[in-house]
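# Fold and geometry: a report
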Amino acid sequence: MAIDTTTDLQQTVEDAAAHLYVWSLKDIPQDLRDALRNAMETETHKVGKRILETINTNVSVADERQNLVCQDTGLAVYYVRLGELFPLHPARIEQALREGTRRATLEHPLRSNTVHTLTRVPTGDNTGHKIPHIHWEFVPDWDGLDVKCIPKGSGSENMSFLKMLVPADGVSAIKRFVLDSIVGAGGKPCPPGIVGVGIGGSADLAMHLAKEAIARPVDDVNPDPDVAALERELFELLNETGIGPMGLGGDTTVLSVHVEQAHTHITLNPVAVNYQCWAARRASAHIFSDGTVDYDREA
Amino acid sequence: MHHEITFPTDEAAVREFRAGDTVTVQGHIIGIRDATQIRIFDKGVEPPMSLRGAALLHTAPNVRKLGEGRYEPMCIGTTTSARMSRFTEGLVRDHRARAIIGKGGLLPEALVPLREHGGVYLAIVGGAAALETTQIEEIEQVEWEDLMPECLWKFRVKDFGPLIVGMDTHGESLYENVQVEARKRLEETIYSRL
Ligand code: SF4
């Protein structure tokens, strides 16, 4: 009986992953649609406005034609919240997410981007060694499973930055690093998008946090008021730079800034930036212990 | 200013364009990418289709094969141009291509061959592939299929755009202008408030 439950649940998670990957590529979340529309309405720069109009038209065309919003199907990244009482082991969940990614790629079919880093030989199915990458969060006293899929395009991922500041540099150096990174990135990451900032921890944790930050809904605010204030400040300053849509000038350089933080060593002050382009694709599934699934575009 | 233009075209036509103008393209566009240009320039292989007067697009399209040498567009988007900057001189000087369409801009040094030999860089809205695909009426010709998807693609297009003149034949780059202005704002009004 226990074996059956495991097999069935694993299949459910696999099917959910396959669905999420394709769905996220075609149907972007409402908060992102609202942000893109709002940006189009408020942009005062002529070229910037024209670009934002085109982006909004593109979203509608993808809806009408059931086509991908952007051609880059990315690297599939999953964010998993796993309840302590959910009756499927993480090892099985990992297998299911990998198999779902592979199936979606071959069955739809989707462009496969995954290659061996040294030989550059493609795998052909968007999976590979340690790919898809999974972010885990474990939740005590809960029997559910949340899976969020974010296909991460290379244009924006190439605009990732890490700096090991020293504590004496303070918060102002963190802000300056974020500003310099985004100005330097210019039009390459397809702005306006979501800037993810990770502060604290170690080098790897800072970048991990920056990646968690870009997974949040556009209008989401960090519950820590100090962190929320930093998000707000960076958002306003970045939009004063004038980089604009596609780096061709305008008021809208970013749609939002999300900051995630961890405690750090007394002599460390790491800051990491991860960029998510305007095509900030994202889709989630809430999976219950009885195998029912609620798909959720907004989580 | 807005320009309607049919490619292939001549040098005089693109010399009219100024950085910041918008452009809509009719006629034909040739798709190329890294591997295509490596074959032309690094391996010295003559391309089996003429690039004279052409608009070139930095792309590796997602297509469905219909039959021998025949493909249907599924999702055609545009890739980042900067890494292909070094081919600009050969494209405009030796092959007389007149426009390079991509996203993010070419490196500033590409302004020199664009000015000397008469070529422009046209910025597409990056990531807007669903729309771009509807503007491609047909894939008329495919060469070098062994490089799939980085073949030489001849697309017949209708109302392709809007494109923005990112770099013109007068030495002007909209990307550079925006960068210079952004750095000025950082220095003059932003850093002091951090
Ligand atoms: S950066 Fe984003 S929007 Fe631009 S091409 Fe890549 S995935 Fe698409």
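Preceding this section is the structure that the text describes.
Residues numbered from 1 in each chain as written. Chains lettered and ligands numbered in written order. Predicted model: local features only at pLDDT ≥ 70, side-chain atom pairs only at ≥ 80, totals over all residues. Heavy atoms only, no water.

Before going further, it helps to examine the site of the ligand. Lining the immediate environment of the ligand, one finds 14 residues, of which C70(A), S156(A), C190(A), C277(A) and R281(A) sit closest. Each of chains A and B places residues next to the ligand. Of the residues belonging to the shell around the ligand, the class tally is six nonpolar, five polar and three charged. Three or more residues apiece are contributed to the shell around the ligand by two domains, here domain 1 (6-25 + 70-151 + 281-296) and domain 2 (154-276) of chain A. (Near = heavy atom within 4 Å. Nonpolar A, V, L, I, M, F, W, Y, C, P; charged D, E, K, R; others polar. Domains from an automatic or database assignment.)

On the chain A side, the residues contacting the 36 residues of chain B number 40 residues. Both sides together, the interface formed by chain B and chain A hides about 3,300 Å², and carbon and sulfur atoms give 64% of it. Applying the counting criterion to the chain B and chain A interface returns one salt bridge. Among the ionic pairs, E240(A) bridges to R193(B), the shortest N-O distance being 2.9 Å. Counting the contacts that link chain B with chain A gives 12 residue pairs in polar contact (both at pLDDT 80 or more). Those elements giving two or more residues to the side of chain B that touches chain A turn out to be strand 5 (70-75), helix 5 (129-134), strand 9 (152-167) and helix 6 (174-190) of chain B. When residues in the side of chain B that touches chain A are grouped by element, the largest group, nine residues, is from helix 6 of chain B. Its residues assigned to classes, the side of chain B that touches chain A shows 19 nonpolar, 13 polar and four charged. (Contact = heavy atoms within 4.5 Å. Buried area = accessible area lost by both parts, 1.4 Å probe. Salt bridge = Lys/Arg side-chain N within 4 Å of Asp/Glu carboxyl O. Polar contact = N/O pair within 3.5 Å; in protein donor to acceptor, adjacent residues only side chain to side chain. Helix = DSSP H or I, 4+ residues; strand = E, 2+ residues; numbered from the N terminus.)

This part takes up the sheet that holds strand 1 (residues 75-83) of chain A. Residues and elements named next belong to chain A. An order of 2-1-3-8-9 is seen for the five strands of this open sheet, with the pairing classed as mixed. Looking along the sheet, the strands with just one partner apiece sit at the ends: strand 2 (133-139) and strand 9 (293-296). With strand direction ignored, the average angle separating the axes of adjacent strands in the sheet is 15 degrees. Here strand 1 pairs with strand 3 (residues 145-152) via eight bridges, running antiparallel. When the bridges of strand 3 are listed, L75 appears paired with K152. Against the sheet, helix 7 (residues 203-214) makes contact with strand 1, strand 2 and strand 3, and its axis sits at roughly 90 degrees relative to strand 1, the strand it touches most. (Pairing = 2+ DSSP bridges. Axes fitted to C-alpha atoms, helices over the stretch in contact; angles between N-to-C directions.)

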